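One-letter residues, chain by chain:
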Amino acid sequence: MSGEKLDRDVAKEQIDRLRQEIRHHDWCYYVANEPEISDQEYDRLMEQLLALEERFPELITADSPTRRVAGEPLSGFPVVEHKVSMLSLANTYSWQELLEFDRRVQRGLNTSAQIEYAVELKVDGVAVSLRYEQGRLVQGSTRGDGLYGDDITANLKTIKSIPLTIFSSQIPLSMHSLEVRGEVFMTRENFARVNQARERAGEPLFANPRNATAGSLKLLDPRLVAKRPLDIFLYACLAEQDLPETQSEAMDLLERMGFKVTPHRRVCLGIQAVIDCCQEWEDRREALPFEIDGLVIKVNSFVQQRQLGETAKNPRWAISYKFPGRQATTRLLDIQLQVGRTGTITPVAILEPVALSGSVISRATLHNADEINRKDIRIGDRVIIEKGGEVIPKVVKVVTSVRTGQERQFQMPSLCPACGGAVIREEEEAAYRCQNLDCSAQIERIIQHFASRNAMDIEELGPALIRQLVAGGRVKNPADLYDLRLEELKALERMAEKSAQNLLSALEKSKRRPLSALIFALGIRHVGVVAAENLARYFRSLDALGAASREELEKVSGVGPVMAESIEKFFRAERNRQVLNRLRQAGLVWTEEADTAERRKEDGGLAGQRFIFTGTLRSFTRAQAEEMVKSLGGIIGSAVGKSIDFVVVGEQPGSKFQKACDLGLKILKEDEFRLMIERLQGNI
Ligand code: IVH
């Protein structure tokens, strides 16, 4: 008995020491940006602590560094009342308004002396509040409507730069109960990474780092939040006693307490110094690793702040200066139409070139006719365009106040702009489609696709040449390419004998492309590179594929009813049959040997990636899921370890899941896994 107690006392001491050490290293790494030990050394400390806590679970405390990711998914967030309401700031956009703000402050303080201002970066993220009691983080919440917010404690605890315990011993004891406020954000680099991963998984992209942050904090499962690279800057401190006299000193104090405080803070005497500072940051902002949308200007003295007080919504002692946005206005010169491979007609805005976040924009997407109508966009309009994150610029809205009456309304044509064929809007589709299968624009796109790298890989067949061939009526479908003769090519504009010969030998070479490339090249709707490979592996010949029933097609991994229908339709069309016959006569690879299929696995989308499954999957059996991974070149791992690339988690996952979380492995929920596979199979 006493031996056990002794054991436990020793363990407690070790646990305390380890926690302190880990806290220190968390601070070095996540707050100060100056790690003192290697990742492996850090992992070892964490492992030791985990092992001790496993042996003595009664010694686990909520603020232990092992408990950052804890708890089960919530069904919703409880509401919390803010003891001191979380006000927002009035915005200013010009020096003029800043001067007016300064005058109001002077009047309010009844002085003509220069005011001392604390100027801080206005980080573009999500405002949160953190409450500490006796030095421990007890609650974290969102701003909500300023009076009530959501309790997102579990989510905020996953942010490593947020101390779970205030560790500095030089802090007055009363300060151990306090509320701090700040902005959760994502760096540009992490934002790009998150979006890349989402793109790979076929998930919708976040428009900007702020949306990514807000979306992450709203997740109900803290384990998922833990995987989002969030960070925080604190900018306010609320305490009953022992606060210093100014905002700038309060921030220094927070910093000493181990908090990550907004960097580049400055104290400016008088409004002119503030304006200079704003001007300076307008140029420097792009060099920051995170996005700011302006600066916050605060009267530095807390006494003066109290004297000035607040209105219902905003403090009178602070204001934000917002940079001119990532929007620009320009003139919409024209709306052009782009005809896609399947005849879809997409309107594109042609703009008077305008500079926007470092590039010159002259085109923007208009999506479809509904969008144009909804926003009432007319040719000749002055429009506001916006570039969000990595998305193509879009027209946000029209500045209707400067309309002259000369603007022209746009109408989707009833005839195709390229061929004059009928344009029809299919039921329940936003897209208008040119119905003419001989449409030159469509043919160009079809040939471009046929020649593209993953298809027949005919580099010599560029867009300009394709246009000439199609315009001259010489090429109406892919089979026509293989009838081209040297003489007629030579006769084309800008075509030397040498390049004509190169093209012919490239065409000759393309005949030996594998079956899967040919299937992809046909441009069957919904059939992507990976689906084409699966189909080639399953059917081994184009004839077998063409003769397959929908049921048979759906047996192929990754082929669903939509794709099956589209494949069936393609092979049923008389036109396509003729083209296929001619392609066969031209001598294209029509069948393939088993070993080529095997070999191709090496190039599958998941080549060499290790997967492990835990829990029950809803939409397929474990065996089916494993088969899908293998068919894409992936490997099924046997145990959770660092070599595993993805852990697929179903319902009621086992211990593998916890272990995977501890190791920080990439976790995929069933939906995410399905999306990833479908994307690789080319279904989306
Ligand atoms: S002070 C009562 N300081 O900007 C004053 N806000 O409307 C409270 N923000 O979403 C705000 N950086 O979260 C302050 N250094 C900073 C800030 C900052 C970003 C955000 C804040 C809120 C908005 C102000």
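As a reminder, the structure under discussion sits directly above these lines.
In this text, all values refer to a predicted model and were calculated from it rather than measured experimentally.

Caption draft 1: Layout of the pattern of salt bridges. Counting across every chain of the model gives 44 salt bridges. The partner of Asp16 in a salt bridge is Lys12, and the shortest N-O contact between them spans 3.1 Å. Here Asp16 pairs with Lys12, and both are found in helix α1 (residues 2–31), just four residues apart, close to one helical turn. Lys12 sits in the partly exposed class, given a relative accessible area of 40%. Here the residues in one salt-bridge network are Asp376, Arg378, Asp381 and Arg403, joined through shared partners.

Caption draft 2: A look at the site of the ligand. Of all residues adjacent to the ligand, which total 13 residues, the nearest are Leu89, Glu120, Glu183, Tyr235 and Lys298. Take Leu89: an N or O atom from its main chain is 2.9 Å from an oxygen atom of the ligand. Note that an oxygen atom of the ligand is positioned 2.2 Å from one of the side-chain N or O atoms of Glu183. Considering the ligand on its own, with 520 Å² of exposed area, one finds that the protein chains cover 87% of that surface. Broken down by secondary-structure element, the contributors of at least two residues to the shell around the ligand are β3 (116–123) and β10 (292–299). Sort the elements by how many residues they give to the shell around the ligand and β3 lands first, with four residues. Taken together, the residues that form the shell around the ligand break down as eight nonpolar, one polar and four charged.

Caption draft 3: Inspection of empty space enclosed by the protein at higher detail. For the structure shown, the criterion picks out one cavity of 30 Å³ or more. By volume, the largest cavity amounts to about 120 Å³. Surrounding the largest cavity, 15 residues form its lining, Arg23, Asp26, Arg68, Pro163 and Leu164 being those nearest its centre. Among the residues making up the lining of the largest cavity, the classes are represented as seven nonpolar, three polar and five charged.

Caption draft 4: Molecular detail of the packing of helix α12 (residues 440–451) against helix α13 (residues 463–471). In contact at an axis separation of 10 Å, α12 and α13 are set at 135° when each is read in the N-to-C sense. What the angle tells us is that α12 and α13 run oblique. The two elements α12 and α13 meet at a crossing, and its hand is right-handed. Taken together, the residues of α13 that come into contact with α12 (itself represented by Ser440, Ile443, Glu444, Ile447 and Gln448) are Pro463, Ile466, Arg467 and Val470. Taken together, the residues of the contact of α12 with α13 sort by class into five nonpolar, two polar and two charged.

Caption draft 5: Structural view of the sheet that holds strand β8 (residues 231–238). Strand order in the open sheet made by the four strands is β5-β4-β7-β8, with antiparallel pairing throughout. Edge positions in the sheet fall to β5 (136–142) and β8, since each of these pairs with one other strand and no more. Looking at each pair of strands side by side, their axes are set apart by 30° on average, direction ignored. Pairing analysis gives seven bridges linking strand β4 (residues 126–133) to strand β7 (residues 178–185), with the strands arranged antiparallel. Bridge pairing in β7 links Val126 to Val184. Strand contacts of helix α6 (residues 209–217): β4 and β7, with the helix running at about 45° to β4, the strand carrying the most contacts.

Caption draft 6: Expanded view of helix α26 (residues 670–680). All of the buried residues along α26 are Glu670, Glu672, Phe673, Met676 and Ile677. The buried residues of α26 occupy an angular sector of 165° when the element is viewed end-on, so they sit on one face. Among the structural elements, α5 (188–200), β21 (610–614), α24 (622–631), β23 (646–649) and β24 (667–669) are those in contact with the buried residues of α26.

Criteria and cut-off values
Residues numbered from 1 in each chain as written. Predicted model: local features only at pLDDT ≥ 70, side-chain atom pairs only at ≥ 80, totals over all residues. Heavy atoms only, no water. Salt bridge = Lys/Arg side-chain N within 4 Å of Asp/Glu carboxyl O. Helix = DSSP H or I, 4+ residues; strand = E, 2+ residues; numbered from the N terminus. Buried < 20%, exposed > 50% of the residue type's maximum accessible area, 1.4 Å probe, protein only. Near = heavy atom within 4 Å. Polar contact = N/O pair within 3.5 Å; in protein donor to acceptor, adjacent residues only side chain to side chain. Areas by Shrake-Rupley, 256 points an atom, 1.4 Å probe, with all protein chains shown as cover. Nonpolar A, V, L, I, M, F, W, Y, C, P; charged D, E, K, R; others polar. 1 Å grid on protein atoms, 1.4 Å probe; cavity = no way out; pocket = protein on both sides within 12 Å on 5 of 7 lines; lining within 4 Å. Points joined across faces, edges and corners; volume = space filled by probe spheres on them. Axes fitted to C-alpha atoms, helices over the stretch in contact; angles between N-to-C directions. Parallel < 35°, antiparallel > 145°, perpendicular 65-115°, else oblique. Left-handed = near helix turned anticlockwise from the far one by under 90°. Contact = heavy atoms within 4.5 Å. Pairing = 2+ DSSP bridges. Arc of directions from axis to C-beta.

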